[in-house]
Each structure stands twice: as C-alpha cells, then as structure tokens.
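# Residue-level structure breakdown
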Amino acid sequence: WLAAEYLDRELYHTLRTERAESYSPSAGYINYGEWALFELYADGTVGSEQALEQGMLDSVERVATTQVDVAAFESVKMAILLSSASGLESNASFAEYYVDRLPQLKSFGRYLDEESDIENVTPQAMQAAMKRWFAADNRLTVHEVPTLQLSTLMWLIAGTLSLLLGGAYAGYRRLAKGTCT
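As a starting point, this report considers the structure included with it.

### With respect to the packing of helix α1 (residues 2-18) against helix α2 (residues 49-65)
When two helices pack together, you describe them by how their axes are tilted relative to each other and by the distance separating the axes. Contact pair α1 / α2: the axes reach a minimum separation of 9 Å and the direction vectors enclose 135°. Compared by their axis directions, α1 and α2 come out oblique. α2 is crossed by α1, and the crossing has right-handed handedness. Listed contacts from α2 to Tyr6, Leu7, Glu10, Leu11, Thr14 and Leu15 of α1 are Leu52, Gly55, Met56, Ser59, Val60, Arg62 and Val63. Among the residues making up the contact of α1 with α2, the classes are represented as eight nonpolar, three polar and two charged.

Put into structure tokens, the structure is as follows:
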C-alpha cells in the first residue's frame, strides 16, 4: 500500500509534471490474498502510447533503483495514516473496509493492524521491497486498446444515417408511386 502510494506520486511527477503526457496517471495496489499486484494507469492521446509506457517504466525503474526520498516517503506515510484516522462515516464505509480486508481474514485468521505496520516501515525496508517487487523480471505489461476509436465511430454513424435516409427515401418514392400497400 505504501509502495503503491509512493509510486503513484512518482508517476504523477514524471508523466504529469515533468513530461505533461498524461492528465491523471495513477498507481494502485490490489491484494488477492495469495498474491497481489501493482497497477499503473495513464491516459493520453492516441499515438502517445509508447511515450506513456516509457514514462511508466522510467518511474518504476526509478523507484526500484534509487534511494527513497525520505521527505516524500514520510509525506506518503502520513497521508495514509491520516486517511485511516479520518474514520468510517457510513455503513457503506464500514462494509467496504471489512470486505476489502477479507483476504487478511482468510490468510491470517484475523484483521491486521495496518496502521501500526505502516508506522513501522522504514525507508530502507521500503527500498528493499520495491527493488524486489519492481524488478524487470516481475513485470507484466498489459495494453488497453480501445475497441472502437472515434474515427471508426464517426464512419459507423455516417453509414447508419446513410442507410436510414436511403431507406426512408426509397419508402417515400414507393409510397408516392402507389406501389406500397
């Protein structure tokens, strides 16, 4: 969780602030109990896919191989702890909290004290973990490709309208000739 938030900041800094290639890049962490994954996302324009992918790879490589920025690390840590301390303000929040932690219950037989765990993480420990987790041989790249691009959609709309108008015109002509009953 802490590594995902740290990577999220790095990704935003690289793709949004430095390169201005993506409006809302993000990184997240999904825990499935037996295994987990980090996911990175960046939106961009058509044709910018390679630059965005390279920017994401650069960010991952940077957090995996360079020293953790202690100030950024402490800021991320504090943000996570403060968001946890803000409380659960609705029944839906309670339900989401416990459902999201069901893998913990399944794996450990109890809910873990995540806040204490986060407080105890050191920059050195996180650096070692990120080096292991973000190693090149642990990466899988999945490209999300739109099934229908805007230009294709426009041609489909134009074709459909042409068929509808052509059919309406043919029906009108048949009706005008009196051949339509």
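### Considering the packing of aromatic side chains
The tally for this structure, following the rule as stated, stands at three aromatic pairs. Here the aromatic rings of phenylalanine 38 and tryptophan 133 are separated by 5.6 Å at their centres, their planes lie at 40°, and the arrangement is tilted. Placement of the pair is phenylalanine 38 in strand β2 (residues 36-41) and tryptophan 133 in helix α7 (residues 123-133), with a sequence separation of 95 residues. Residue classification places tryptophan 133 among the partly exposed residues on the basis of a relative accessible area of 40%. Members of the aromatic cluster, joined through ring pairs, are Tyr29, Phe38, Trp133 and Phe134.

### Points about the packing of α2 against α7
Running from N to C, α2 and α7 cross one another at 135°; their axes reach a closest spacing of 7 Å. Looking at the two axes, α2 sits oblique to α7. In terms of crossing hand, the pair formed by α2 and α7 is left-handed. Taken together, the residues of α7 that come into contact with α2 (itself represented by Val63, Ala64 and Thr65) are Gln127, Met130 and Lys131.

Conventions we followed
- Residues numbered from 1 in each chain as written.
- Predicted model: local features only at pLDDT ≥ 70, side-chain atom pairs only at ≥ 80, totals over all residues.
- Heavy atoms only, no water.
- Axes fitted to C-alpha atoms, helices over the stretch in contact; angles between N-to-C directions.
- Helix = DSSP H or I, 4+ residues; strand = E, 2+ residues; numbered from the N terminus.
- Parallel < 35°, antiparallel > 145°, perpendicular 65-115°, else oblique.
- Left-handed = near helix turned anticlockwise from the far one by under 90°.
- Contact = heavy atoms within 4.5 Å.
- Nonpolar A, V, L, I, M, F, W, Y, C, P; charged D, E, K, R; others polar.
- Phe/Tyr/Trp six-rings, centres within 6.5 Å; stacked < 30°, edge-to-face > 60°.
- Buried < 20%, exposed > 50% of the residue type's maximum accessible area, 1.4 Å probe, protein only.

Shape descriptors only; they carry no functional weight alone.
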